[in-house]
Every structure is written in structure tokens, then in C-alpha cells.
Amino acid sequence: MIELEGVPELIDPVMICAFEGWNDAGDAASTAVGHLDREWKGEVFAALDAEDYYDFQVNRPTVWLDGGVRKVTWPTTRLSVVRTGGDKPRDLVLVRGIEPSMRWRSFCNEILGFAHELGVEMVVVLGALLGDTPHTRPVPVSGVTSDPDLARSLDLEESRYEGPTGIVGILQESCTHAGVPAVSLWAAVPHYVSQPPNPKATLALLNRLEDLLELRIPLGELPEDARAWQLGVDQLAAEDSEVAEYVQSLEEARDTAELPEASGEAIAREFERYLRRRDGQPGPGGHASDSGVADSRDSYLRDPSSGRARPARSTARDEPRDEPQEESSDAAKAEPDGAATGDGRPAGGAKPRGEGAGKAKRAESRAEDEKAEDRAEGEAERARQGEAEESEPEQGSDREAGREPGRSDEDPGDEGDGNA
């Protein structure tokens, strides 16, 4: 029996779900929903009966003290509601719990019962998986759905996965059969550093959720936590040469695969997020200033230890005004790893356009100097030939006197040197 006493009428509600366990590598998904609940001060209005869905030998309850009184917290799934506010207020129904041990179909039906009673327009399920992705690059987040119409309208991938699945996949399919639009967002977590937490993956999921819902999410301290996490992993990788080489191979494979996407939708998406966060009002723990935007973008796009960033995230304003954009694409294609240093110079050693233009001018100047030297040598050669013709009568008198032409008895070779 679903009871929703005390829940206000919701505005364009969207249900966002995440479950700890098999679908939650690095705790990235459950932490993302927890962040939304904390930043927007969610109010819990319902909890599923733990006896129906959990094996307590697998997910054990915990005991804690409250003012000297012992209390028990049972593993379960709780629902809370938050109001985002802003120019276009929208309510979110947050579902956060542990992947159930049994009765998955009943579990999903109960979640869908809440969605129906609350008038939920769409269900978004967050997940995280282990993948061959380097920690130094932006966390890839894929959006999938089983609804072809929803895939076209929201620019998502239509799910083609076949194989073992978790509660995320079961809940999405249950929504599809019930006629409720459903989307799954999956973040790829580096398998060589899978221990939770992973704030960088959590941040990537929230950024993707912003794009999907056209909503500004206050990030709080999450960008700084993501930078600190990456610095820590950098230090650990630097201590093991094999790990460092493996990370480098992942970087090269990732950059090569994404090089054709160095412009277009990726740049437009980042620019839209920048405008949305710049123009929005500051939320709890969030920053709407330019510095706040830089914090969120840098933690997601940039390697703090080396200052390296993907050229795919650069914009037209980074290019010289007097050069066409096509040259920027050619330059990116010429660099196999697609990386750039913090000052905008390609990591492969190529020079920026300004410096390249200077080198061209110096080369042109040297060519002019060489031409001038050639002209001077030609004039000198013609002068020597003229002097040789003028000395012919003298050479004739020398032959008559029995001397070698062009030589004098007093100082052999001086006349030749003088002519030269």
C-alpha cells in the first residue's frame, strides 16, 4: 500500500534513481543522488519495507548510538523530494538505496507505483561501470534508452546491450513496458582505481544530468574533491612504472578514438553549460560566477597535475582572429595524441601559429640574403672576366719575352692575387 501523506503537489517531476552494489562502480551513481539530496535539502517521504527485498546476511543492518540509546538502521530504499527553484522550477523525486536481493519485479512495480502517484514525467537511472578508461581524461558518460522516440528527441543511444544485468537494467525495462519514459546514464570508472569514492565520475554524471534536464545543479565542493582525487591517483601511478605505462597506453587509445570529435556537439554542449551556469542564480553550495564555472569545467576536462587538456574542449576564441578555423582542425589531426599543454601548445612539440609565422618570416629573410650573396658573387665573377680580357696584350708581350704569361720575375703570383 503506497501512502503519500504530506507530499506537496509537484511541478514537472522527474524521478532520479541510483542503487549501491553491482551497478555502482566507485559509488559514483549513489553519491550523485546523495549530492542532490544534500544540496537541495531533500525530505524523505517513503521507504520500502526491507523485509520484502533484502537478505540481511548479504546487506547487514547497522547499530548506532543516539544519546546513549541503541538504534538499528536497516538496509532499504528511500524516496525523497527536492525543489530546484530558479526561473523554471522543477521538482525531483530522488530514489536511493541498495540493489535488492530478491523480488526484483515487485521492487520495480513498487517504485513505478510511486512514480504514477506523483505524476512523474520521466525516470532517470544513474549507474557506473568499470572500463578501460584513463583517470587523466574526462569520464565518459553514455546515455541509453529503450524508447526509439526518446532516443531521437534527447540525442541518446538506443540500448543494444545483451547479457547479465542489474536492477538498473530491470527498472528501465519495467518503465518501458509501463509506458513511462526512462533513461539510463552510465559513467565509466577506471578499473585500476575502482575503490570508492570517485568524485570525478560523480561530477561527470551530474554534468550529464544537467544537459539532459536543462537544469543547473549546485556542485558545492565536488569539483575540488575531483581535482584532489586525480592528483592522488597521479601520485600513485607515478610510483609504479608499469601502471604509468598502462595509463599512457590508455590515453593514446582514448585520444586517437576521440580525435575526430574535436569539434561540434562536444564544444556546443560545454558552451551551453557554461552559459547556463554563468547566467543562473547561485544555489546552495554552488557558484554562478565565472570562477565557479572554471572550477567545474577544469575538474571535468583538465589534468591538474600536468595542466593538459583536450583540444576538443577548446573554443574559437582561443584561436587567432586572423586565421580560419579549418587550420585548427588540421592542427588537431596532425597531433596523434590530441593533447595540449596548459599554455595551448600541442604536447607533441608543434609551435603555435604566431611562432610559426615568425619562423616563416625569418626563413624568407634568409632566402633574400642568399639571393643577394648570389648576385654579389655573379658581379665579382664578371669583373674578374673583364680584367682578364684587359690583360691579354700584356700576356702577349710576356710570351715574346719568353716569360710565362701573367707572371713577373720580381714577385710570382702577386699579379694574380691583385687581379683577384
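These remarks concern the structure in this document. (Residues numbered from 1 in each chain as written. Predicted model: local features only at pLDDT ≥ 70, side-chain atom pairs only at ≥ 80, totals over all residues. Heavy atoms only, no water.)

**Remarks on the side chain of N23**
Within the element layout of this structure, N23 appears in the loop between β1 (14–20) and α1 (28–39). Side-chain polar atoms of N23 contact the side chain of E99, separated by 2.8 Å. Residue contacts for N23: discarding those within four places in its chain leaves E99, G127, A128, G166, I167, V168 and W186. (Helix = DSSP H or I, 4+ residues; strand = E, 2+ residues; numbered from the N terminus. Polar contact = N/O pair within 3.5 Å; in protein donor to acceptor, adjacent residues only side chain to side chain. Contact = heavy atoms within 4.5 Å.)

**Considerations on the pattern of salt bridges**
One pass over the full model with this rule turns up seven salt bridges. The residue E251 makes a salt bridge to R137 at a minimum N-O spacing of 3.9 Å. With E251 in helix α8 (residues 241–258) and R137 in the loop between β7 (122–131) and β8 (141–145), the pair connects residues that are 114 residues apart, well separated along the chain. Overall, R137 belongs to the buried group, its relative accessible area being 6%. Between D149 and R152 there is a salt bridge, and its shortest N-O distance comes to 2.3 Å. Placement of both D149 and R152 in helix α4 (residues 148–153) is noted, with a separation of three residues, approximately one turn of the helix. On the basis of relative accessibility, which here comes to 62%, the residue R152 falls in the exposed class. (Salt bridge = Lys/Arg side-chain N within 4 Å of Asp/Glu carboxyl O. Buried < 20%, exposed > 50% of the residue type's maximum accessible area, 1.4 Å probe, protein only.)

**Things to note about the side chain of T77**
Inspection of the secondary structure assignment puts T77 in the loop between β4 (69–73) and β5 (78–83). Looking at T77, the relative accessible area reads 0%, which means it is buried. Among the polar contacts made by the side chain of T77, one reaches the side chain of Y54 at a distance of 2.8 Å. Not counting residues up to four positions away in its chain, the partners in contact with T77 are F19, A46, A47, L48, Y54, V95, R96, G97, I98 and F107.

**Points about helix α3 (residues 104–118)**
Compared with the 21 Å implied by 1.5 Å per residue over 15 residues, the 21 Å span of α3 between its first and last C-alpha is a close match. Buried within α3 we find F107, C108, I111, L112, G113, F114, A115 and L118. G119, located one to two residues past α3, shows a positive phi value of around 70°. (Expected span 1.5 Å × (residues − 1).)

**Quick word on the packing of aromatic side chains**
The tally for this structure, following the rule as stated, stands at five aromatic pairs. Centroid distance F56 to W74: 5.0 Å. Interplanar angle 55°. Geometry classified as tilted. Taken together, the residues F56 in the loop between α2 (50–53) and β3 (62–66) and W74 in the loop between β4 and β5 connect sequence positions 18 residues apart. In this structure W74 comes out as partly exposed when scored by relative accessible area, which is 42%. (Phe/Tyr/Trp six-rings, centres within 6.5 Å; stacked < 30°, edge-to-face > 60°.)

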